Amino acid sequence: MGTESPRLAGRIVKAPEGHLSLEQIEAARKARRSFMGKALAFGAGASATATAARAADGDPNILTLPAHTTGLGQGVATEGYGKPSVWEKAIQRRESPGLTRVPQASVSFCPLQSLFGIITPNGLHFERHHQGWWDVDPSKHRLMVNGLVKAPRVFTMDDLMRLPSVSRIHFIECGANTAMEWANVSVPSVQYTHGMVSCCEFTGVKLSTLLDLCGADVKAGRYVLAEGADGSSMTRTISMKNALDDVIVAWGMNGEMLRPENGYPLRLVVPGVQGVSWVKYLRRIEVGDQPWHTKDEVLHYVDLMPDGTHRQFTSVQECKSVITSPSGSQTLLDKGFYNVTGLAWSGRGTVRRVDVSSDGGRNWRTARLESPVLDKAFTRFNIDWVWDGAPAVLQSRAVDSTGYVQPKINQLRAKRGTRSIYHNNAIQSWRVAESGEVTNIQMF
């Protein structure tokens, strides 16, 4: 037989003179790999040590990777409610110092300057309390429907949540939003000038469904009374026209249950109407043939006119807009391009157009309305602006689907005087100084 190949023979044989055996070759390879590994490890270690030393000395040419790129992150959050980044902790609702004597009858303002889109996060929704908030046990909460109805009923939360539900996006604005701008400029930022407004997706059963179940007399019963369960005895009259249109008895907000400070477990949603009518902790709906003239309708939430008379039952929030960035207390970093953005809304329908001026109202350009544009909801607008470093005054002016044009402050004062508190929907002005600092001013 011929000479067998060592591999095919399955055994190691002595190679011809002058050649290494397979065993010797394999041993040499192992030795080489070991040597190279140690050399590379030594070189890498030395290099890393040198790099670290250079980085410690502040060498700008050394790239130091952050811990989140080289390490193991945290695990899935399985306990508690999800929270924003720690780097966003400054974005929060804030109370205006000295606004009220006690926090139970106060306001926390929404940070409009820090929000995007049209939806207000639940944890940043503005608060307005008349006697503090409560975390009501939903299993014990009840809603009564009585008055001019054939079959008065008391509903549990389970009863209500079994009924056909709807979800709608609407803004809610306190009637006193922008109140401090009536007489003078006293607050620095958009959070305090306009922060008593928010916009959310509300879920609940339509009030018309409940009225139908109870056999409400919608001809003789021209009004409904909404009553809350908190200590302020908040009661508000709502027209039957509204009640049968888009009013919701809501338990949900932005995909979850209402927050306690927003009326958990049940509140009224009255689109386009001032927030005081969105009764929280809702416990009773009564159908009647005339307005009830409750304390919060004849003594509070009325407009003092120039001739000394009171304007009552002025609930609709008229068309309004505000630039949220750049806005008061902010500073432009440098000359050049900026996206000017803001919010517009109307209690009478949709926003049709928003114009923006950078010269105090002498010239106007039409802004882009970002979708969706919804009925009685926030509309986000944007417009391109190149700042040349000169002083400027930024303003926005909204027009709604009824053709109503947002007024200047002097136009509003000509009709309403200067002693009002509620329903200030005047054009807001932000002055941009040469330094880039943005401040609150009034343009007449």
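The structure contained in this document is the topic of the report that follows. Residue positions within a chain follow its written sequence, with the count starting from 1. Owing to the predicted nature of the model, reporting of local features is limited to residues with pLDDT of at least 70; listing and counting of side-chain atom pairs is limited to 80 or more, with chain, interface and lining totals taken over all residues. Hydrogen atoms and water are omitted, and side-chain values are computed over all heavy atoms in the structure.

It is worth spelling out the overall build of the protein at this point. Runs of H or I in DSSP of at least four residues are treated as helices and runs of E of at least two as strands, each being numbered from the N terminus. Each helix and strand in the protein was counted, giving 9 helices and 23 strands. Relative accessibility thresholds used throughout: buried, under 20% of the residue-type maximum; exposed, over 50%; partly exposed, between the two (1.4 Å probe, protein chains only). In the protein, which comprises 444 residues, the proportion classed as buried is 45%. Any two residues whose heavy atoms approach within 4.5 Å are treated as being in contact. At a minimum sequence separation of 6, the contacts of the protein that also span at least 24 residues come to 70%. Accessible surface is estimated by sampling points in the Shrake-Rupley manner with a 1.4 Å probe; for residues, cover comes only from the protein chains shown. Carbon and sulfur atoms form 55% of the exposed surface of the protein, whose accessible area is close to 23,500 Å².

Note the cis peptide between Ser325 and Pro326, where omega equals 0°. Omega for the peptide link from Ser371 to Pro372 comes to 0°, which places this bond in the cis form. Checked against the element boundaries, Pro372 lands in the loop between β19 (368-369) and β20 (379-387). Non-glycine residue Ser329 carries a positive phi angle of around 80°. The residue Ser329 is located in the loop between β15 (320-325) and β16 (336-345) in this model. Among the residues examined, Ser329 registers a relative accessible area of 54% and is labelled exposed. One non-glycine residue, His423, lies in positive phi territory at about 60°. Looking at where His423 falls in the secondary structure, it is placed in the loop between α9 (409-416) and β22 (429-432).

A word on the pattern of salt bridges. Side-chain pairing between opposite charges can occur once the charged atoms of the two side chains come close. Any carboxyl oxygen of Asp or Glu within 4 Å of a side-chain nitrogen of Lys or Arg constitutes a salt bridge here. For the structure on display, the rule yields 16 salt bridges. Where Glu227 meets Arg284, a salt bridge forms, and the shortest distance between an N and an O atom there is 3.1 Å. With Glu227 in strand β7 (residues 223-228) and Arg284 in strand β12 (residues 282-288), this residue pair connects regions lying 57 residues apart in the sequence. Measuring nitrogen to oxygen at the nearest pair gives 2.6 Å for the salt bridge that ties Lys295 to Asp296. Residue Asp296 is classed as buried on the basis of its relative accessible area, which comes to 2%.

Now for the pairing of β12. With 5 of its 7 residues buried, β12 lies for the most part within the structure. In short, DSSP must find at least two bridges between two strands for them to pair. As paired elements, strand β3 (residues 142-147) and β12 share 4 bridges and run parallel to each other. Considered in β12, the bridge of Val145 is made with Ile285. As judged from the 6 bridges shared by β7 and β12, these two strands associate in the antiparallel manner.

Once that is clear, we can look at the sheet that holds β12. With mixed pairing, the 5 strands of this open sheet are ordered in space as β4-β3-β12-β7-β8. In the strand order of this sheet, the two ends are held by β4 (153-156) and β8 (235-239), each with one partner. Across the sheet, the mean angle separating the axes of adjacent strands is 20° when strand polarity is ignored. Both β3 and β4 contribute to a ladder of 4 bridges, which runs antiparallel. Across the sheet, residue Val145 finds its bridge partner in β4, namely Arg153. Fitted lines through C-alpha atoms give the axes, limited to the stretch in contact for helices. The angle between two N-to-C directions lies from 0 to 180 degrees.

Attention now moves to the pairing of β16. Two faces belong to every sheet, and in a regular strand the side chains alternate between them. Counting buried positions along β16 yields 8 of 10 residues, so the element is predominantly enclosed. As paired strands, β15 and β16 are joined by 5 bridges and run antiparallel to one another. Opposite Ile323, over in β16, you have Gly342 as the bridge partner. By the bridge criterion, 9 bridges tie β16 to β20 in an arrangement that is antiparallel. Bridge assignment links Asn339 to a residue of β20, and that residue is Asp384.

Here we come to the packing of aromatic side chains. Aromatic pairing here means that ring centres of Phe, Tyr or Trp (its six-membered ring) are within 6.5 Å. Orientation follows from the plane angle: under 30 degrees is stacked, over 60 is edge-to-face, and everything else is tilted. One pass over the structure, following the stated rule, counts 6 aromatic pairs. Each ring, one from Phe109 and one from Tyr192, has its centre 5.3 Å from the other, and the planes form 70°; the classification is edge-to-face. Pair noted here: Phe109 is in the loop between β1 (107-108) and β2 (127-128) and Tyr192 is in helix α5 (residues 190-194), with a separation of 83 residues, a long-range link. With a centroid separation of 5.3 Å and an interplanar angle of 50°, the aromatic rings of Trp345 and Phe378 are classed as tilted. With Trp345 in strand β16 and Phe378 in the loop between β19 and β20, this pair connects stretches of sequence that are 33 residues apart. Comparing Trp345 with Phe378, the two get one shared label, buried. One aromatic cluster is present, built from ring pairs that chain together Phe171, Trp345 and Phe378. Geometrically, a lysine NZ or arginine CZ counts as sitting over a ring once it is within 6 Å of the ring centre and also within 35 degrees of the ring normal. When the ring centre of Trp364 is taken as reference, the NZ or CZ atom of Arg397 above it lies at 4.1 Å.

To continue, consider the nonpolar core. The criterion is simple. A nonpolar core is a set of buried Ala, Val, Leu, Ile, Met, Phe, Trp, Tyr and Cys residues joined through side-chain atoms within 4.5 Å. The biggest cluster of nonpolar side chains holds 86 residues, and the ones touching the most others in it are Leu211 and Ile285. Excluding anything up to four places from it in sequence, Leu211 contacts Val145, Ala216, Val224, Met240, Ala243, Leu244, Ile285 and Val287.

Moving on, we come to the environment of Pro306. Tracing the chain through its elements places Pro306 in the loop between β13 (303-304) and β14 (310-311). For Pro306, a relative accessible area of 47% translates into the label partly exposed. Sequence separation between Pro306 and Ser420 is 114 residues; the distance between their C-alpha atoms is 9.0 Å. With residues up to four places along the chain from it excluded, the contact list for Pro306 reads Lys415, Arg416, Gly417 and Arg419.

With that settled, the discussion passes to the side chain of Asn440. You can see Asn440 is positioned in strand β23 (residues 438-441). Judged by its relative accessible area of 11%, Asn440 falls in the buried class. Here the side chain of Asn440 touches Glu181 through a polar contact of 3.2 Å, side chain to side chain. A polar atom in the side chain of Asn440 sits 2.9 Å from the backbone oxygen of Val187. With residues up to four places along the chain from it excluded, the contact list for Asn440 reads Glu181, Val185, Val187, Pro188, Thr193, Gln428, Ser429 and Trp430. Pairs of N or O atoms are called polar contacts if they sit within 3.5 Å, as long as, within protein, a hydrogen donor faces a hydrogen acceptor (for residues adjacent in sequence, only side-chain-to-side-chain pairs).

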